[in-house]
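Each chain, letter by letter, is given below.
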Amino acid sequence: MTALPLRRVRRLRRATPVPLLVVVPEHRPARHPLLWTVTSLALLVFAVFSAVMFNAMAADDAVTARQLDLELRDAEVRYGQLLAEVATLESPARIAAAA
């Protein structure tokens, strides 16, 4: 196997021209800044409207949850009163007095 001397390899690398390619910019169609602005504005309005809508829905759910909490407390108080009434009605002293 024969190898080229390093000096000759370097000389060959310098001697061979690097193929260059001329790049011509393509013609782009004109962008429409008005369309871009209108689209961005529409998306912004939609995002704000969605945020307000979800906030209103969350507030409505919070009011509903608060009402359910109050109803639950009232039901628990009524249940305690009914348990006390049942205990009173089932007491042996009351049954003996009624008989």
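The structure displayed is predicted, hence computed values, not measured ones.

1. What about the overall build of the protein?
In terms of regular secondary structure, the protein is built from three helices and zero strands. Going through the 99 residues of the protein one by one, you find that 1% of them count as buried. With an accessible surface of roughly 10100 Å², the protein has 68% of that area assigned to carbon and sulfur atoms.

2. Points about a nonpolar patch on the surface
Taken together, the side chains of L41, L44, V45, V48 and V52 present a nonpolar region at the surface, about 470 Å² in accessible area. Relative to the helices and strands, L44 is located in helix α2 (residues 33-90).

3. So, the environment of S40
If you trace the backbone, S40 turns up in helix α2. Residue class for S40 comes out partly exposed when judged on its relative accessible area of 32%. Within polar-contact distance, the side chain of S40 engages the backbone oxygen of W36 at 2.9 Å.

Procedures and definitions
- Residues numbered from 1 in each chain as written.
- Predicted model: local features only at pLDDT ≥ 70, side-chain atom pairs only at ≥ 80, totals over all residues.
- Heavy atoms only, no water.
- Helix = DSSP H or I, 4+ residues; strand = E, 2+ residues; numbered from the N terminus.
- Buried < 20%, exposed > 50% of the residue type's maximum accessible area, 1.4 Å probe, protein only.
- Areas by Shrake-Rupley, 256 points an atom, 1.4 Å probe, with all protein chains shown as cover.
- Patch = residues over 30% accessible without salt bridge, like charges linked within 9 Å, V, L, I, M, F, W, Y side chains within 5 Å.
- Salt bridge = Lys/Arg side-chain N within 4 Å of Asp/Glu carboxyl O.
- Polar contact = N/O pair within 3.5 Å; in protein donor to acceptor, adjacent residues only side chain to side chain.

Geometry only, nothing functional implied.
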